[in-house]
Amino acid sequence: QVQLVESGGGLVQAGGSLRLSCVASGRTFSVLAMAWFRQAPGKEREFVTGITWSGGSTYYADSVKGRFTISRDNAVNTVYLQMNSLKPEDTAVYYCAADRARRTSVLTRAIGYDYWGQGTQVTVSS
């Protein structure tokens, strides 16, 4: 089992920045692929970005490309999401997810992830 705990959400004005963190415990973090998803009210959960277990590959949704950056620090079992130039449409609950399969590319479908955090709210005001 893997436990994921997100933090760093909050209220920010449009154009501002936030950094989300997700700490993993219960399994060797370095073998887990990690991703961030988000879900806005009344909408389906959508892929935001992911990073392979090796850290050698990342992938971003078109809506966040150039504004968001995913990174991981295996020494502290943490994956980060740096969000810059935030827009009101980025408002959502952001979820951290872990995939225990050692894929060579990032999985963008939520169904493929084995473990999920409880989510952290990000609200961007206009």
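Just so it is clear, the model here is predicted, and its values are computed rather than measured. Numbering of residues starts from 1 in every chain and runs along the sequence as written. A pLDDT threshold of at least 70 governs which residues receive local features in this predicted model, and a stricter bar of 80 or more applies before side-chain atom pairs are shown or counted, although totals over entire chains, interfaces and linings include all residues. Each side-chain value is worked out from all heavy atoms of the structure, with water and hydrogens disregarded.

A. The arrangement of the overall build of the protein chain in detail. Within the protein chain one finds zero helices and eleven strands. Counting from the N terminus, the helices are the DSSP runs of H or I reaching at least four residues and the strands are the DSSP runs of E reaching at least two. Mapped from its N terminus to its C terminus, the protein chain presents α and β elements in the order β-β-β-β-β-β-β-β-β-β-β. A radius of gyration in this sense is built from C-alpha atoms; the matching globule rule multiplies 2.2 Å by the number of residues raised to 0.38. Rg of the C-alpha trace for the protein chain: 13 Å, near the compact-globule value of 14 Å for 126 residues, within the 12% margin. Along the first, second and third principal axes, the C-alpha set of the protein chain runs to 40 × 25 × 25 Å. Note on definitions: a residue-residue contact is assigned when non-hydrogen atoms from the two residues lie within 4.5 Å. Sequence separation of at least 24 residues holds for 60% of the intrachain contacts in the protein chain that already meet a minimum separation of 6.

B. Spotlight on the sheet that holds strand β1 (residues 3-7). Here a strand pair is declared whenever DSSP counts at least two bridges between the two strands. With respect to topology, four strands assemble into an open sheet ordered β1-β3-β8-β7, the strand pairing being antiparallel. Two strands in the sheet have a free side with no partner beyond their single neighbour: β1 and β7 (68-73). Within this sheet the neighbouring strands show an average axis-to-axis angle of 15°, counted without direction. Both β7 and strand β8 (residues 78-83) contribute to a ladder of six bridges, which runs antiparallel. Each bridged residue has a counterpart across the sheet, and for Phe-68 the counterpart in β8 is Met-83. Where helices are involved, their axes are fitted lines through C-alpha atoms of the stretch in contact, as for all axes, and angles between N-to-C directions lie from 0 to 180°.

C. Seen up close, the nonpolar core. Definition of nonpolar core: a set of buried residues of the types Ala, Val, Leu, Ile, Met, Phe, Trp, Tyr and Cys, connected through side-chain atoms within 4.5 Å. Buried residues are those whose accessible area, probed at 1.4 Å on protein chains only, stays under 20% of the maximum for their type, while exposed residues exceed 50% and partly exposed ones sit between those limits. Counting residues in hydrophobic clusters, the biggest one holds 29 residues, and the most contacted among them are Leu-4, Met-34, Trp-36, Val-79, Met-83 and Tyr-94. Aside from chain neighbours lying at most four places away, what touches Leu-4 is Cys-22, Val-23, Ala-24, Met-34, Cys-96, Ala-97, Ala-98, Tyr-115, Trp-116, Gly-117 and Gln-118.

D. A look at the side chain of Arg-72. Structurally, Arg-72 is set in strand β7. No salt bridge is formed by the buried Arg-72, whose closest oppositely charged neighbour, Asp-73, lies at an N-O distance of 8.3 Å. A distance of 2.9 Å separates a polar side-chain atom of Arg-72 from the backbone oxygen of Phe-29. Beyond its immediate sequence surroundings of up to four residues, Arg-72 is in contact with Phe-29, Ser-30, Leu-32, Ala-33, Met-34, Ile-51, Thr-52, Trp-53, Gly-55, Thr-78 and Val-79. Under this rule, positive means Lys or Arg and negative means Asp or Glu; His and the chain ends count for nothing. The term salt bridge refers to a side-chain nitrogen of Lys or Arg lying within 4 Å of a carboxyl oxygen of Asp or Glu. Two N or O atoms form a polar contact when they lie within 3.5 Å of each other; inside protein one atom must be a possible hydrogen donor and the other a possible acceptor, and for residues adjacent in sequence the pair counts only when both atoms belong to side chains.

E. Expanded view of the environment of Tyr-60. Positionally, Tyr-60 belongs in strand β6 (residues 58-60). Sequence-wise, Tyr-60 and Gly-50 are ten residues apart; in three dimensions their C-alpha atoms are separated by 6.8 Å. Setting aside chain neighbours within four positions, we find Tyr-60 in contact with Phe-47, Val-48, Thr-49, Lys-65, Phe-68, Thr-69 and Ile-70. A polar contact of 2.9 Å, which involves the side chain of Tyr-60, links it to the backbone nitrogen of Ile-70.

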